[in-house]
Amino acid sequence: MKRISIKEEHCMGCRLCEIHCIAAHSAYRNDLVRTFKRDKNRPSPRIMIEQSGHTCFALPCRHCEEANCVRACISGSMTKDQQSGLVTNDSKRCVGCWTCIAACPYGVITREGKRISVAAKCDLCGDKPVCVQQCPNEALVCDDQEEGA
């Protein structure tokens, strides 16, 4: 299963992972200028930075083996692919009840932007997470882990 790992000692809290994540999930797909200047309904980042003093690190979804968000979802929009281990949210089925947000022990599920009432979470951007690609210090790494590891 694919996961994003954090090298805390390399993270400087620049938030470029958040910025590129927003752009990757916006209507303008990876165009930073258009996303931030023209997209009035730009999405929320699917990765967040936690910072306290000089210590900072990124918080991505962990795509938990026993995903509380999937169990809590009343509409069935939050699902876990048994083959890949990826936990995703189907925005067309999401009713915006926020039980997934309340159930996530890591606090990495958020409300999608300001305009729509659906949950947003890391989807690993398909093959290559943009946050990993754009991190200037290589503080984020995408690796495949064996189940149970």
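In this report, the structure presented in the accompanying data block is examined.

It is worth spelling out the nonpolar core at this point. Ranked by size, the top nonpolar core spans 30 residues in total, and within it Ile-4, Ile-47, Cys-69, Met-78, Ile-109, Cys-131 and Leu-140 carry the most contacts. Discounting residues that sit within four places of it in the chain, Ile-109 has contacts with Cys-69, Met-78, Cys-100, Ile-101, Cys-104, Ala-119, Ala-120 and Lys-121.

Our next topic: helix H1 (residues 16-24). Counted residue by residue, H1 has seven buried out of nine residues, so it is predominantly covered. Those residues of H1 that sit buried are Cys-17, Glu-18, His-20, Cys-21, Ile-22, Ala-23 and Ala-24. Tucked into the core, H1 has its buried residues touching helix H2 (32-38), strand E2 (48-52), helix H5 (130-134) and strand E8 (140-144).

For the rest of this paragraph, the subject is the pattern of salt bridges. Under the definition given, this model contains four salt bridges. We note a salt bridge from Glu-18 to Arg-15, for which the minimum N-O separation is 3.1 Å.

Of note in this structure, Asn-30 is not a glycine but carries a positive phi near 70°. Even without being a glycine, Trp-98 presents a positive backbone phi close to 70°.

This part covers the environment of Arg-111. Take Arg-111: it is sitting in strand E6 (residues 110-111). Contacts of Arg-111, omitting those with residues within four sequence positions, involve Ser-44, Trp-98, Ile-101, Ile-116, Ser-117 and Val-118. There is a polar contact of 3.1 Å between the side chain of Arg-111 and the side chain of Ser-117.

What follows deals with the side chain of Glu-112. Residue position: Glu-112 is located in the loop between E6 and strand E7 (119-120). By relative accessible area, which is 10% here, Glu-112 ends up buried. Polar side-chain contacts of Glu-112 include one of 2.9 Å to the backbone nitrogen of Ser-44. At 2.7 Å, the side chain of Glu-112 and the side chain of Arg-46 are in polar contact. Those residues within four positions of Glu-112 in sequence are excluded, and the remaining contacts are Pro-43, Ser-44, Arg-46, Val-118 and Ala-120.

The rules behind each value
Numbers given for residues are sequential positions, taken from 1 along each chain in its written order. Given that the model is predicted, a residue must reach a pLDDT of at least 70 before its local features are reported, and side-chain atom pairs must reach 80 or more before they are shown or counted; all residues, however, enter totals for whole chains, interfaces and linings. Based on all heavy atoms of the structure, the side-chain values leave hydrogens and waters out of the count. Residue types Ala, Val, Leu, Ile, Met, Phe, Trp, Tyr and Cys, when buried and joined through side-chain atoms within 4.5 Å, form a set referred to as a nonpolar core. Buried, partly exposed and exposed residues are distinguished by accessible area as a fraction of the type maximum, computed with a 1.4 Å probe on protein chains only: under 20%, between the cut-offs, and over 50%, respectively. Contact definition: two residues touch when any of their heavy atoms are within 4.5 Å. Helix and strand assignments come from DSSP, with helices taken as H or I runs of at least 4 residues and strands as E runs of at least 2, each series counted from the N terminus. Salt bridges are identified by distance alone: a Lys or Arg side-chain nitrogen within 4 Å of an Asp or Glu carboxyl oxygen. Here a polar contact means two N or O atoms within 3.5 Å. Within protein one must be a hydrogen donor candidate and the other an acceptor candidate, and residues neighboring in sequence count only if both atoms are side-chain atoms.

Limitation: the analysis is restricted to geometry and does not speak to function.
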